[in-house]
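# Understanding the architecture of this molecule
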Amino acid sequence: MRLLSRAATVLAVCLTLHPARSAGRGVINWTGLSPTAPTNWFDPRNWSTDSLPDANTGALIGAGPQYGPIITGNAIAASVGIGQNELALQSGSLQTGILTNNGSFNMDGASVLRAQTVSNTVIGSLDLGGVVTTQSIDNSGFMGLGGNVSTSSFSNSGTWNQAGILNLLPTTTISNTGTLNLIGGTINGGVLSLKAGPSGMYAYGTLNLNSLDVSGMVWASGGTLVVSVQDTGNIYGQLGALAAGVGNGTNTVSIAGSAPLINQGFIYSAHVSGSTNGVLELVGNAAGTPVLINQPGFGPMQGVVDVGGALVVRNPDFLGNVYVENNGTFTLGSTSQVTMAPGANLVLTGTGELYLAGANFQPAAGTGLTLDGQSINGAGTVAFHPASPLGNIGADGVNGPKLTVIPDAPLTATGNVSAGGGATLVLDLHSAGSFTNAGWMGVADIYNGGTVMVQGADTLVNQFGATISIGAGQMVLKSASGAFELANDGTLLVESGAELRLSGGQYTIDGMGDVELQGTIRGETGTESLTIAQWTGIESDSAMIANLASFENQGWMETYSGLSIDAGAVVNSGEIGIGVGTVTVTTPLMTNSGSIGISGGSLLTVNGNVLDTGNLEIDLGSSANISDTLTQTAGDVQVDGALSASRMVCEGGTLGGSGSITANVEVGCLMSPGDSPGRMDIFGNFILDAAVS
Amino acid sequence: MMEIGPQAWDQLFISGEADFYGNLEILFLAGFQFQPGLSYDLFSWGSLGHAFDPGSISFEGLGQGYGASFDPLTGELQVNSSSGVPEPATYLLLGTALLALSLTRRTLR
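## What about the overall build of chain A?
A count of helical and extended segments in chain A gives two helices and 71 strands. When burial is assessed residue by residue, chain A has 56% of its 693 residues classed as buried. A separation threshold of at least 6 residues defines the contact pool for chain A, and within that pool the share at least 24 residues apart is 35%. Roughly 25000 Å² of accessible area belongs to chain A as shown, and the carbon and sulfur atoms make up 52% of that amount.

## Some points on the interface of chain A and chain B
How big an interface is tends to be reported as the loss of accessible area on association of its parts. Counting from both sides, the interface comprises 24 residues of chain A and, opposite them, 22 residues of chain B. Looking only at chain A, the three residues that lose the most surface to chain B are A:Pro677, A:Phe686 and A:Leu688, adding up to 29% of its buried area. Remark: the boundary between chain A and chain B carries zero salt bridges. At the boundary of chain A and chain B, one finds 16 residue pairs in polar contact (both at pLDDT 80 or more). It is strand S70 (residues 679-683) of chain A that contributes the most residues to the side of chain A that touches chain B, five residues altogether. Of the residues that constitute the side of chain A that touches chain B, the class distribution is 13 nonpolar, seven polar and four charged. As paired elements, S70(A) and strand S2 (residues 11-20) of chain B share four bridges and run parallel to each other. Paired with A:Met680 across the bridge in S2(B) is B:Leu12.

## So, the sheet that holds strand S6 (residues 57-60) of chain B
Residues and elements named next belong to chain B. With parallel pairing, the three strands of this open sheet are ordered in space as S1-S3-S6. The open sheet has two free edges, formed respectively by strand S1 (2-4) and S6, since each of these has just one partner strand. Ignoring which end each strand starts from, the neighbouring axes of this sheet average 20° apart. The pairing of strand S3 (residues 24-28) with S6 spans four bridges and is parallel. The partner of Ile26 across the bridge, within S6, is Phe59.

## Concerning the confidence of the model for chain A
Residues and elements named next belong to chain A. Put simply, chain A has an average pLDDT of 85, and 81% of its residues get 70 or more. Confidence over residues 195-200 falls short of pLDDT 50; this stretch has 21 contacts with residues more than four positions distant or in other chains. Here residues 228-239 is a poorly scored stretch, pLDDT under 50, and it has 49 contacts once near neighbours within four places are set aside; other chains count.

## As for the state of the cysteines
All names here are of chain A. On inspection of all chains with the given rule, the structure shows one disulfide over all chains. With its sulfur 1.9 Å from that of its partner, Cys650 forms a disulfide with Cys669. The S-S bond linking Cys650 to Cys669 shows a torsion near 115°; that makes this disulfide right-handed. Taken as a pair, Cys650 in strand S66 (residues 642-650) and Cys669 in the loop between strand S68 (660-667) and strand S69 (670-673) lie far apart in primary sequence, 19 residues in all.

## What to know about the side chain of A:Asn315
Residue and element names in this part refer to chain A. Looking at the element boundaries, Asn315 is found in the loop between strand S29 (310-314) and strand S30 (321-326). A polar contact of 2.7 Å, which involves the side chain of Asn315, links it to the backbone oxygen of Asn321. In this structure Asn315 touches Gly284, Asn285, Gly320, Asn321 and Val322, once residues within four positions along its chain are discounted.

## Section: the pairing of strand S46 (residues 467-470) of chain A
As judged from the four bridges shared by strand S43 (residues 440-443) of chain A and S46(A), these two strands associate in the parallel manner. Bridging across to S46(A), A:Val443 finds its partner in A:Ile470.

## Considering the sheet that holds strand S4 (residues 39-41) of chain B
All names here are of chain B. A sheet is described by the order of its strands in space; here three strands give the open sequence S4-S8-S7, paired in antiparallel fashion. Both edges of this open sheet fall to S4 and strand S7 (66-71), since each of them pairs with a single strand only. When strand polarity is set aside, the average angle formed by the axes of neighbouring strands in this sheet is 20°. The sheet contact formed by S7 and strand S8 (residues 76-81) spans six bridges and is antiparallel. Bridge assignment links Gly67 to a residue of S8, and that residue is Asn80.

## Examining the packing of aromatic side chains
Under the defined criterion, the tally for this structure stands at 14 aromatic pairs over all chains. Taking the centre distance of 5.4 Å and the plane angle of 35° together, the rings of A:Phe484 and A:Tyr507 count as tilted. Taken together, the residues A:Phe484 in strand S48 (residues 483-488) and A:Tyr507 in strand S51 (residues 506-510) connect sequence positions 23 residues apart. Its relative accessible area of 2% is what places A:Phe484 among the buried residues. Measuring from ring centre to ring centre gives 5.8 Å for B:Phe43 and B:Phe70, while their planes differ by 70°; the resulting arrangement is edge-to-face. Taken together, the residues span a long stretch of sequence, with B:Phe43 in strand S5 (residues 43-50) and B:Phe70 in strand S7 at a distance of 27 residues.

## Description of unusual backbone geometry
Residues and elements named next belong to chain A. The backbone of Trp535 sits at a positive phi, close to 75°, despite the residue not being glycine. Within the secondary structure layout, Trp535 lies in the loop between strand S54 (529-532) and strand S55 (537-540). Under the relative-accessibility criterion, Trp535 is labelled exposed at 61%. The backbone phi angle of Asn547 is positive, close to 60°, even though this residue is not glycine.

## Looking at the nonpolar core
Residues and elements named next belong to chain A. Membership of the largest hydrophobic core comes to 132 residues, with the highest contact counts inside it found for Ile393 and Leu655. Dropping the residues within four chain positions of it, Ile393 is found in contact with Ile376, Asn377, Leu403, Val405, Leu411, Ala413, Asn416, Val417, Ser418, Leu425, Leu427 and Phe435. Grouped together as the second largest cluster of nonpolar side chains are 29 residues, Ile28, Val118, Val149 and Trp160 included.

## Re the pattern of salt bridges
All names here are of chain A. Throughout the structure, instances matching the rule amount to seven salt bridges over all chains. A salt bridge links Arg45 to Asp43; the shortest N-O distance between them is 3.1 Å. For Asp43, a relative accessible area of 8% translates into the label buried. Of the charged contacts, one joins Arg501 and Glu499 as a salt bridge, the two residues approaching to 2.9 Å between their closest N and O atoms. Taking the relative accessible area as the measure of exposure, Glu499 reaches 14% and is therefore buried. The network of salt bridges with shared partners includes Glu499, Arg501, Arg522 and Glu524.

## Some words on the environment of A:Ile61
All names here are of chain A. Here Ile61 lies in strand S2 (residues 58-61). On the accessibility criterion, Ile61 (0% relative accessible area) is buried. Along the sequence, Ile61 and Thr31 sit 30 residues apart, while their C-alpha atoms lie 7.9 Å from each other.

Rules used throughout
- Residues numbered from 1 in each chain as written.
- Chains lettered and ligands numbered in written order.
- Predicted model: local features only at pLDDT ≥ 70, side-chain atom pairs only at ≥ 80, totals over all residues.
- Heavy atoms only, no water.
- Helix = DSSP H or I, 4+ residues; strand = E, 2+ residues; numbered from the N terminus.
- Buried < 20%, exposed > 50% of the residue type's maximum accessible area, 1.4 Å probe, protein only.
- Contact = heavy atoms within 4.5 Å.
- Areas by Shrake-Rupley, 256 points an atom, 1.4 Å probe, with all protein chains shown as cover.
- Buried area = accessible area lost by both parts, 1.4 Å probe.
- Salt bridge = Lys/Arg side-chain N within 4 Å of Asp/Glu carboxyl O.
- Polar contact = N/O pair within 3.5 Å; in protein donor to acceptor, adjacent residues only side chain to side chain.
- Nonpolar A, V, L, I, M, F, W, Y, C, P; charged D, E, K, R; others polar.
- Pairing = 2+ DSSP bridges.
- Axes fitted to C-alpha atoms, helices over the stretch in contact; angles between N-to-C directions.
- pLDDT = per-residue confidence, 0-100.
- Disulfide = S-S within 2.5 Å.
- Phe/Tyr/Trp six-rings, centres within 6.5 Å; stacked < 30°, edge-to-face > 60°.
- Core = buried A, V, L, I, M, F, W, Y, C linked by side-chain atoms within 4.5 Å.

So, in structure tokens, the structure goes:
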């Protein structure tokens with residue numbers, strides 16, 4: 001079968017080399033019959049007409065002669081066809097129209113080939129070692145370029161080893177569906193199109209291009225791939241890859257120029273264990289335009305930059321900023337090493353994400369990372385300057401990864417700020433001061449725990465329309481200066497089983513938003529204080545406020561099925577409405593200068609003393625149990641339900657109501673039993689002090 | 001302050017010992033209607049340590065022609081009519097006095 005195939009190929013070649021098909025002006029055959037010089041192109045006895053090919057006569061070098069011709073001078077032929085033989089251009093030059101090679105064409109470095117078209121068929125071997133000037137090179141076989149080749153059209157579907165210099169005119173297009181091995185060579189200018197499929201390019205040399213259209217693989221391995229886009233050119237990485245870091249030696253993909261590389265594929269620098277990492281170099285430009293645009297999309301359609309090895313960011317113009325428009329994913333891996341040139345600042349714009357796969361990227365002083373938009377996801381640490389609100393900030397993974405983001409200015413996020421799957425998200429705001437949530441922030445209840453920590457902040461703003469939701473796990477607020485304000489104009493929801501933790505300092509929740517507390521607000525050390533500011537409300541449902549040095553409500557609190565408060569001191573100067581269930585306050589002293597209303601059959605239990613200068617109203621059917629003393633110095637205590645205490649002392653204000661008081665009662669205030677009118681029962685002793693009524 | 005209304009009145013029932021060193025203001029609310037023979041049990045106690053001083057008890061809002069008295073030892077309030085429509089007992093006392101006066105005059109004759 002293989003023999004038949006070979007015979008068919010040879011037949012096809014013979015048909016291709018038929019004189020009538022090879023050149024319209026006549027073709028002469030190489031015979032190699034010169035008795036003295038059977039390889040000399042310039043010996044007429046070696047040609048079928050005993051005359052040399054010329055500008056009007058083509059040359060056909062078929063399989064018959066034992067030796068092929070060797071050119072050592074300046075040869076001219078209307079066309080050159082090489083069959084199962086070889087042509088060697090050792091010195092001098094060959095000028096022809098069409099050079100068709102089915103055999104072997106070798107030219108040494110000192111020679112010159114000028115051909116309108118060079119066509120190397122699937123069985124041909126083309127070794128262009130000298131200077132080649134042509135309008136078109138079409139390679140389907142094996143081609144080696146070791147010399148200096150200039151062409152305006154280049155098509156390769158075979159194997160192309162590039163060791164020399166290939167100069168492409170700006171309009172030149174190389175269409176490569178085969179394999180290009182850039183072995184120490186250089187390709188300058190033109191458009192290099194590497195199509196999908198088995199194609200690829202292995203750049204062991206230097207590739208300087210005006211435009212690169214990649215849909216195959218391009219490897220910078222042992223060489224430098226300089227994608228230096230000038231002025232009008234573009235580089236497209238479509239479903240392909242630019243890669244650095246395979247093999248040893250210098251492995252660099254350098255992206256530079258005043259026009260951007262547009263990537264819809266995969267660009268990466270690889271980490272090579274025990275060897276030199278691949279290097280991805282981003283070189284800024286004086287125009288301040290992106291050197292790289294990562295295209296948006298889904299799955300393989302999305303532009304991806306993955307730095308597993310080295311990333312070098314520099315700006316030769318010393319203008320500082322190196323812009324990358326990232327609408328896809330820009331990944332820094334755990335093995336990545338980022339080198340910022342002095343004064344360099346990497347600016348990521350666009351709607352994509354900076355993904356940390358375990359990386360620690362904290363630019364040194366004098367360098368920086370600016371995120372203009374963008375999202376940050378993954379695990380690792382990144383310090384940056386936020387130029388505009390971020391999208392999402394998320395720690396993800398299932399093995400407890402930790403993502404730490406360190407902005408140097410007030411930070412706003414419009415998307416999701418979250419930690420899921422046991423992950424921890426740390427917003428380290430020591431240098432930023434504040435964080436504004438304009439989207440959704442928290443730990444979703446669909447995850448099995450997670451922690452969002454806001455540390456080093458003075459202010460956490462939850463904007464109108466935004467939500468902080470702790471559905472599972474916890475959110476930790478860690479004050480830097482001692483005072484921490486949670487300005488809530490949106491919705492703050494702590495779900496059952498979840499915790500809002502306060503770590504050191506004095507915390508204030510203010511704003512006009514909703515606070516729905518179904519879980520726990522807890523002090524981490526017991527030294528923390530929490531104040532609910534005036535006009536701010538908390539709706540609690542089987543909730544807990546625990547382990548605080550002090551808790552003060554200046555706003556309003558409504559309970560629906562219970563609340564537990566445990567603090568060194570509890571102060572209410574606002575309004576507490578206990579409508580359903582039990583509110584248990586454990587504190588040495590609870591002070592009320594606002595109003596507390598107990599209704600609907602609910603119960604207030606205070607494990608400690610109560611000092612009341614405001615209003616305490618216990619409706620019919622409702623109760624208040626105070627383990628120690630209730631002291632009233634002003635205001636009204638209206639007992640229409642049941643009040644119990646170890647002792648009640650009324651030193652000011654009014655004590656009234658139609659309920660019962662189980663306590664020893666000493667009244668130094670206005671005593672007005674009944675409820676206009678009604679009956680009050682005191683189970684205990686009663687003293688009405690002198691000079692009071 | 002204990003309020004006496006048209007239909008009900010304030011009450012303070014103390015299961016233990018009661019000590020009243022302060023003042024007692026009894027306020028008759030608007031619409032209070034005198035009901036002959038009715039006493040008002042304002043206070044109840046398990047034991048009385050110190051009763052209200054009589055001088056510390058005051059009444060307000062009681063209409064003209066009525067009088068009231070509070071017994072600090074029982075905690076009960078009495079209201080009576082000082083003019084206008086006497087109570088039955090008053091009639092009895094008055095009749096007895098007139099009869100005695102008449103009998104005395106006949107004897108002297």
